[in-house]
Amino acid sequence: MLTRYLKLYYLFCKQNLKVMMEYRMDFLLGVLSVMLQQFAGIFFVKIVFDHIHQLNGWTFYEILFIYGIAATGRSIHHIFFDNLWTLGWQYIRPGKFDRLLIRPINPLFHFIADRLQQDGFGQLFIGIIVISTAMPHLDISWGVLEFFILIVMIIASGFIFVAINLFFATLSFWMVDSLPIVWTIFNLSDFARYPLTIYHKGIRHLLTWIIPYGFTAFYPAAYFIEGSGFQKLALLTPVVAIVSCVVAYWFWNKGLKAFTSTGS
Amino acid sequence: MIVVKNLEKYYKIAKRDPGLRGAVKSLFHRKYETKKAVKRISMHIESGEMVGYIGANGAGKSTTIKMLTGILTPTSGEVKVNGIIPYENRKQNASHIGAVFGQRTQLFWDIPVRESYELLKHIYEIPQKQYEETLAEFVEVLHLEPLLGIPVRQLSLGQKMRCELAAAFLHRPKVVYLDEPTIGLDVAVKVRIRNFIKQMNARYGTTVLLTTHDMQDIEEICHRIIIIDDGSVIYDGSIQDIKAQFGDKRVIQFELEHSIDHFVLPEEIRSAAVVIPKTDEDHHVVSVSFSSKEISGAEVISCMMKHYPVLDLTIADAKIETIVEEIYSKGLKGRVQHEEIH
């Protein structure tokens, strides 16, 4: 079962890559524009830190590190799960979703595998650069275990992005297109690129326990920052990722059921 | 193969007052109204049958097909396709069915046709040898060879439909649902597609349920038709039967010298004949339908010529098309009861 889906995913990917190469200009422009966008964000942080030395007790490289984890985690979502954005306007509204329902494979799998988003590679690239720039400046010695934990954290971060988007994209089954909601919620993730301690308690709780974007960047990064006070909470990141995915998938199935009983 | 019993599907539709005010009001307070898209439909289709499923737009055809394919869950009633309840075991059902939904492509938009088939091969887990044999056969019958290397988005409508059809039959499904497979195609492509469907049925015993507005499709492919109107089956039987029932039916098309906006039949023949509602805007042409048992063609013609400036006329006999048009516009009321036909 799993091997079948892995093989199918590989075949879908191969086709998507071929299409990507066909539109070479699109590919390059997409990657480039995302890189520029990311770069602008980092540049902004740099300017701020040219004037101050610490932001609420956080140094420039610590913030850069948080930023890097956010960008890398987000790139997983951006490259492999980008189709989630299109559920309403490209699948449900034009009736294309029906096509997925008459195939003998899981419709969510088919839907996700339908697209590979090249622009995400720009994000991945920037993320890795930023993380590796910040790493030597952190008060931690990087061993195999630390690297392993970092990778687990980044993957978990990516899946939290996926779960949150999946959850809100699923609303499309009831309202045809939930894109504005998905977009609004997604923008909340920008908050998580900075230390959550700088925000009001309400926002902190919201981003930790309700819409757990805090676990996409700040908490995982805090694990590696001595004296951040969040090292224990940070260990919850993979658990939060799993729980979010389970909840989102449960919600997706509910949405699917509602969709098949009402039609569009 | 397909067993449907008392199948019903109701939709809840939000009712809205007209205009912007109504739209704003509906944001806060909505009234719902239940639309009965399918009302207690029953049918029994044997393995290997080719059945035409026809009805006017909005009669409930697509809703029925969606329930048969498992896309929609019925409000009540029973559906079984090949022993499987489609909406409960959607994936299992999916591996035994194929479908073509007129305008919407089942293929992958950006990749060449051949690669689309390759993906389908894996999705449906078709054995390599069978896949090669089937594809070779389809390429020959549907003349696909020159199309295989082209991405779907670059194909013309006719080319695309040929490719779609091959995709629907590729995994040798037991049942194939064809929703308007010939819409908008030229005659040559239509003929090729019809031949292909007949050939598939003959060779693999594929059960075919076909919805179409093209009566030529029905007459050439199907032995049996099911007519649905306003969510209910109004006829289920052979094409010969319905032709016999309506064998006295005649249609005369009059071409008038100038257009007439609100055409009414002359008083003398109003009780025996009806005007067939038109789909196009050509007011020069009027089609009058009547039964030769009640009034003779000569009477209709002479009466029409007395009241209107007739330029030309054509007489058509009971084609299934005119019969269906008649049934849509008048229903079967007063002619045959649904039960009697069975």
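As the structure is a computational prediction, the values presented were derived from the model and not from experiment.

Describing the sheet that holds strand S1 (residues 2-15) of chain B
All names here are of chain B.
Stage number 1. With antiparallel pairing, the three strands of this open sheet are ordered in space as S2-S1-S4. Lying at the two open borders of the sheet, with one neighbouring strand each, are strand S2 (31-45) and strand S4 (76-81). Averaged over all pairs of adjacent strands, the angle between strand axes in this sheet comes to 30 degrees, irrespective of strand direction.
Stage number 2. Where S1 and S4 come together, five bridges link them in antiparallel fashion. Counterpart to Lys 5 in the pairing with S4 is Glu 78.
Stage number 3. Here helix H2 (residues 61-69) sits on the sheet and contacts S1, S2 and S4; the angle it forms with S1, its principal contact strand, is near 120 degrees.

A word on the domain arrangement of chain B
Stage number 1. For chain B, the assigned domains are domain 1 (2-10 + 42-242) and domain 2 (248-317).
Stage number 2. Once you take the C-alpha centre of each, domain 1 of chain B and domain 2 of chain B turn out to be 38 Å apart.

Quick word on helix H3 (residues 60-80) of chain A
Stage number 1. Look at H3(A): 30 Å from first C-alpha to last across 21 residues, which is about the 30 Å you get at 1.5 Å a residue.
Stage number 2. Taking burial as the measure, the 21 residues of H3(A) include 19 buried ones, the bulk of the element.

A closer look at the pairing of strand S10 (residues 249-256) of chain B
All names here are of chain B.
Stage number 1. Where S10 and strand S12 (residues 285-291) come together, seven bridges link them in antiparallel fashion. Bridge pairing links Lys 249 to Ser 291 in S12.
Stage number 2. Here six bridges tie S10 to strand S13 (residues 310-316), and the two strands are oriented antiparallel to one another. Across the sheet, Ile 252 pairs through a bridge with Ile 315, a residue of S13.

Observations concerning the pattern of salt bridges
Stage number 1. Per the stated rule, a full pass over the model turns up 21 salt bridges over all chains.
Stage number 2. Measuring nitrogen to oxygen at the nearest pair gives 2.6 Å for the salt bridge that ties Glu115(B) to Lys18(A). Pair noted here: Glu115(B) is in helix H4 (residues 113-123) and Lys18(A) is in helix H1 (residues 2-22), and the two residues belong to different chains.
Stage number 3. With its nearest N and O atoms 3.6 Å apart, the salt bridge here joins Lys306(B) to Glu268(B). Pair noted here: Lys306(B) is in helix H10 (residues 297-307) and Glu268(B) is in the loop between S10 and strand S11 (273-275), with a separation of 38 residues, a long-range link.
Stage number 4. A relative accessible area of 63% means that Lys306(B) is categorised as exposed.
Stage number 5. Sharing partners across several salt bridges, the network here consists of Lys190(B), Arg194(B), Asp214(B), Asp217(B) and Glu220(B).

Parameters at a glance
Residues numbered from 1 in each chain as written. Chains lettered and ligands numbered in written order. Predicted model: local features only at pLDDT ≥ 70, side-chain atom pairs only at ≥ 80, totals over all residues. Heavy atoms only, no water. Pairing = 2+ DSSP bridges. Helix = DSSP H or I, 4+ residues; strand = E, 2+ residues; numbered from the N terminus. Axes fitted to C-alpha atoms, helices over the stretch in contact; angles between N-to-C directions. Contact = heavy atoms within 4.5 Å. Domains from an automatic or database assignment. Expected span 1.5 Å × (residues − 1). Buried < 20%, exposed > 50% of the residue type's maximum accessible area, 1.4 Å probe, protein only. Salt bridge = Lys/Arg side-chain N within 4 Å of Asp/Glu carboxyl O.

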